[in-house]
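Architecture at a glance
What follows is the residue order along each chain.
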Amino acid sequence: MKKLHLMISAALVVAASTSVMAQSKFEKDHTASFKANGQAGMDRLERDDTQKFCSDPAALAGKGDPKKREAIEKANMATIKQPSDGKYLGDWKEGEKIAQSGRGATWTDKAGTPNGGGCYNCHQINKKEISHGNIGPSLWNYGKVRGNSEAVVQYTWGKIYNSKAYNACSNMPRMGHYKLLTEDQMRHVMALLLDPASPVNQ
Amino acid sequence: MKKAMNSALLVSLSMMAGLAMAQSATDDIAKYREMIADGNPAELYEAAGEDIWSKPMGPKNASLEKCDLGKGPGVVKGASAELPRYFKDTNKVQDLESRIITCMEKLQGYDAKEIINAGFEKGKRKDVEAVVAYVVTASKGMKINVPVKHPKEKEMYAMGEKAFFFQGGPMDFSCASCHAEDGKRIRLQDLPNITDQKGAALGFGYWPAYRVSSGNFWTMQRRLNDCYRQQRFPEPIYTSDVTIALSVYMGAKAKDGVINTPGLKR
């Protein structure tokens with residue numbers, strides 16, 4: 001009986017030390033450098049497999065283990081949920097507002113307030129807006145060029161929902177997967193890109 | 001004369017703050033920089049910092065004039081060009097701000113924790129920021145020469161590089177999301193490629209800076225703090241390892257670039 005106890009506690013020690021081992025010295029020192037503030041809690045430093053893989057400069061630059069890359073894209077693909085009512089397009093005018101706003105999810109933003117999409121931070125969208133970034137590709141004439149076949153519509157939804165399904169280390173946030181945008185907000189952004197009446201497609 | 005010039009600066013500055021909201025902010029800032037040439041509102045902070053440096057104060061009623069910023073007690077000229085660096089007395093790699101706090105603690109008897117826990121521009125932290133303005137001005141025009149020789153400096157460089165690429169938070173951002181490629185912008189704001197000497201010098205060489213859009217002087221710690229805020233990370237603790245490690249990484253990458261501090265930024 002005593003022997004069994006010893007064995008159990010030995011196993012516990014091993015389990016405990018492996019869980020400590022799981023965090024590298026870098027991760028420990030890195031975590032110790034931060035404090036939670038508002039909605040920006042310490043859990044934000046706990047990386048998922050995608051974030052771990054893309055923290056490697058080689059992987060970020062498109063290199064790294066191709067099998068791992070494929071597995072990450074597959075896992076992200078599996079997270080994508082098509083809109084619950086089968087409706088993909090909302091109001092492009094609302095979409096423009098969401099695309100303009102880069103607010104949300106920082107420690108100075110009030111938790112629970114709707115986030116912006118921050119789309120113009122990185123993309124050209126409506127050409128009339130000259131203050132746009134260039135980290136992502138231009139989306140001007142997005143729907144006009146691609147049409148709005150089922151395949152295009154579903155791909156676009158998927159890309160907004162979880163960009164990492166198509167490119168493991170894309171710089172684009174996973175808007176649906178991390179609930180940065182609601183389903184309704186995503187429908188509005190979809191309309192901005194795909195609605196033939198949207199100024200983007202003129 | 002200097003006062004008159006400074007108030008004229010402040011007037012044009014507040015006009016500029018309005019302009020900075022305009023869409024061609026980058027161009028306007030460039031024009032503004034030319035306009036005021038050698039006059040930067042950071043001068044006000046620099047003058048205050050010089051007073052704080054030489055005035056006896058604190059529980060020990062001592063000045064900072066014997067503070068060793070790495071080039072010997074009291075040497076200010078060129079000190080920030082070689083920071084962060086390893087200090088034997090603390091057995092730590094320290095940046096300018098953490099080193100000033102060490103001096104305030106050891107020479108003047110202030111409570112370091114209190115300064116670290118205060119917010120930016122709050123309490124004694126405000127004095128640290130002014131002293132920063134004073135010290136960095138004394139390296140203007142010099143070459144960036146952050147050492148990576150001591151084993152602890154090498155450790156911090158390695159940590160800085162890892163931290164630079166560390167992705168996290170709900171938006172999957174790392175420093176590299178914005179600062180690892182040439183010619184990128186957020187909206188109209190140019191983003192220096194910090195993995196490259198030229199880009200690193202553009203970033204590291206111009207901070208600390210007077211920030212036109214917020215109308216105040218920002219130290220490097222504050223600059224990094226706001227980067228992390230926008231990265232949607234938790235808040236970096238003032239003068240924590242990650243902040244110093246990133247400065248070592250940027251400073252080493254920027255080697256031989258010219259120091260233009262205090263800069264003038266959007």
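If you check an unreviewed UniProt entry, chain B appears there as SoxAX cytochrome complex subunit A from Polynucleobacter cosmopolitanus. According to UniProt, the comment filed for chain B under the heading Sequence similarities (unreviewed entry) is "Belongs to the SoxA family." Per its UniProt entry, chain B bears the Subcellular location (unreviewed entry) comment "Periplasm".

Going by the annotation in an unreviewed UniProt entry, the name recorded for chain A is Sulfur oxidation c-type cytochrome SoxX, with Polynucleobacter cosmopolitanus given as the source organism.

1. Concerning unusual backbone geometry
With an omega dihedral of 0°, the bond running from Trp207(B) to Pro208(B) counts as a cis peptide bond. Tracing the backbone shows Pro208(B) in the loop between helix H9 (197-204) and strand S5 (209-211). Residue Pro262(B) is bonded to the preceding Thr261(B) through a cis peptide linkage, with omega at -5°. Within the secondary structure, Pro262(B) sits in the loop between helix H11 (241-253) and strand S8 (263-265). Phi is positive for Ala105(A), which is not a glycine, with a value near 70°. Of note, Ala105(A) is situated in the loop between helix H6 (92-100) and helix H7 (119-122).

2. Description of H6(A)
Residue and element names in this part refer to chain A. Those residues of H6 lying buried are Trp92, Gly95, Glu96, Ile98 and Ala99. Take H6 and look down its axis: the buried residues cluster within an arc of 165°, on one side only. Buried positions along H6 lie against H7 and helix H10 (183-194).

3. Focus: the nonpolar core
All names here are of chain B. Counting residues in hydrophobic clusters, the biggest one holds 73 residues, and the most contacted among them are Val131, Val135, Ala245 and Val248. The residue makeup of this core includes at least three contributed by each of domain 1 (2-137) and domain 2 (151-265). If near-sequence neighbours (up to four positions away) are discounted, valine 248 is found in contact with Pro84, Val93, Val146, Val148, Glu153, Met156, Tyr157 and Gly160.

4. Considering the domain arrangement of chain B
All names here are of chain B. Split into domains, chain B comes out as domain 1 (2-137) and domain 2 (151-265). Listed by partner, the interface residues are 32 residues for domain 1 and 27 residues for domain 2. In terms of residue class, the side of domain 1 that touches domain 2 is built from 19 nonpolar, 7 polar and 6 charged.

5. Description of the interface of chain B and chain A
Contacts between chain B and chain A engage 33 residues on the former and 36 residues on the latter. Contributing elements (two or more residues each) for the side of chain B that touches chain A: helix H7 (151-165), helix H8 (175-179), strand S3 (184-186), helix H10 (220-230), strand S7 (235-236) and H11 of chain B. Broken down by element, the residue count for the side of chain B that touches chain A peaks at 4 residues, all from H7(B). For the side of chain B that touches chain A, a count of residues per class yields 15 nonpolar, 9 polar and 9 charged. The sheet contact formed by strand S1 (residues 34-35) of chain A and S7(B) spans 2 bridges and is antiparallel. Bridge pairing in S7(B) places Lys35(A) opposite Glu235(B).

So, how was this worked out
Residues numbered from 1 in each chain as written. Chains lettered and ligands numbered in written order. Predicted model: local features only at pLDDT ≥ 70, side-chain atom pairs only at ≥ 80, totals over all residues. UniProt positions renumbered as here; feature names shortened; annotations may be inferred. Helix = DSSP H or I, 4+ residues; strand = E, 2+ residues; numbered from the N terminus. Buried ≥ 20, exposed ≤ 12 C-beta atoms within 10 Å, placed from the backbone. Arc of directions from axis to C-beta. Contact = placed C-beta atoms within 7 Å. Core = buried A, V, L, I, M, F, W, Y, C linked by C-beta atoms within 7 Å. Domains from an automatic or database assignment. Nonpolar A, V, L, I, M, F, W, Y, C, P; charged D, E, K, R; others polar. Pairing = 2+ DSSP bridges.

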